[in-house]
Amino acid sequence: MNIQNTTPFPNTGKPTDQVAFHRTELSLILGVYGQMVAAGEWRDYGMSFLRDVAIFSVFRRTAEHPIYRIEKRPKLRGKQGMYSVIAMDGQILKRGHDLKTVLRVLERKLIRAID
């Protein structure tokens, strides 16, 4: 019988931190998302929680690139603001300290002329 010692994982002592959306932030984002789904503009979403950024991605169809990304970067809290809406081409549409005002740029996309 052979006994093999297992190699332990290195213990860093501190679990890795990650940025996430708070419940109130998610309710604002999902409110806008629900309006756009009801209008037939958006179809799917995805969320990523990384060490320095939390991303809510919006898709027109399931298997394509996100048309909008709503990002939360706490390190930018003291500078331009930690919330931003980024278009498909990487252009920052709106950035600020208040998520509700940043999300208004997406609500404007919902307003259009009726023939």
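The structure reproduced in this document is the subject of the present report. Small disclaimer: the values here were computed from a predicted structure and weren't measured.

### A short note on the overall build of the protein
At step 1: Broken down by element type, the protein carries two helices and five strands.
At step 2: N-terminal to C-terminal, the α/β element order of the protein is α-β-β-β-β-β-α.
At step 3: Within the protein, the fraction of its 115 residues that count as buried is 29%.
At step 4: Within the protein, counting contacts between residues at least 6 apart in sequence, those at least 24 apart form 33% of the total.

### Digging into the pairing of strand S3 (residues 68–72)
At step 1: In terms of burial, S3 is a largely internal element, four of the five residues being buried.
At step 2: Pairing of strand S2 (residues 54–59) with S3 involves five bridges; the strand directions are antiparallel. Bridging across to S3, Ala 54 finds its partner in Lys 72.
At step 3: By the bridge criterion, five bridges tie S3 to strand S4 (residues 83–87) in an arrangement that is antiparallel. Bridge pairing in S4 links Glu 71 to Ser 84.

### Side note on helix H1 (residues 23–38)
Given 3.6 residues per helical turn, the α-helix brings residues three or four places apart onto the same face.
At step 1: The first and last C-alpha atoms of H1 sit 22 Å apart over 16 residues, in line with the 22 Å expected at 1.5 Å per residue.
At step 2: Restricting attention to buried positions, one finds in H1 the residues Glu 25, Ile 29, Val 32, Tyr 33 and Met 36. Within H1, the buried residues cover an arc of 100° as seen down the axis, which keeps them to one side. Relative to its buried face, H1 has exposed residues pointing more than 90 degrees away, namely Arg 23, Thr 24 and Ala 38.
At step 3: Those residues of H1 that are buried lie in contact with strand S1 (44–49), S2, S3, S4 and helix H2 (99–107).
At step 4: Where H1 ends, the next residue or the one after it, Gly 40, has phi of about 85°, a positive value.

What counts and how
Residues numbered from 1 in each chain as written. Predicted model: local features only at pLDDT ≥ 70, side-chain atom pairs only at ≥ 80, totals over all residues. Heavy atoms only, no water. Helix = DSSP H or I, 4+ residues; strand = E, 2+ residues; numbered from the N terminus. Buried < 20%, exposed > 50% of the residue type's maximum accessible area, 1.4 Å probe, protein only. Contact = heavy atoms within 4.5 Å. Pairing = 2+ DSSP bridges. Expected span 1.5 Å × (residues − 1). Arc of directions from axis to C-beta.

Fair warning: the whole summary comes from geometry, so function is off the table for now.
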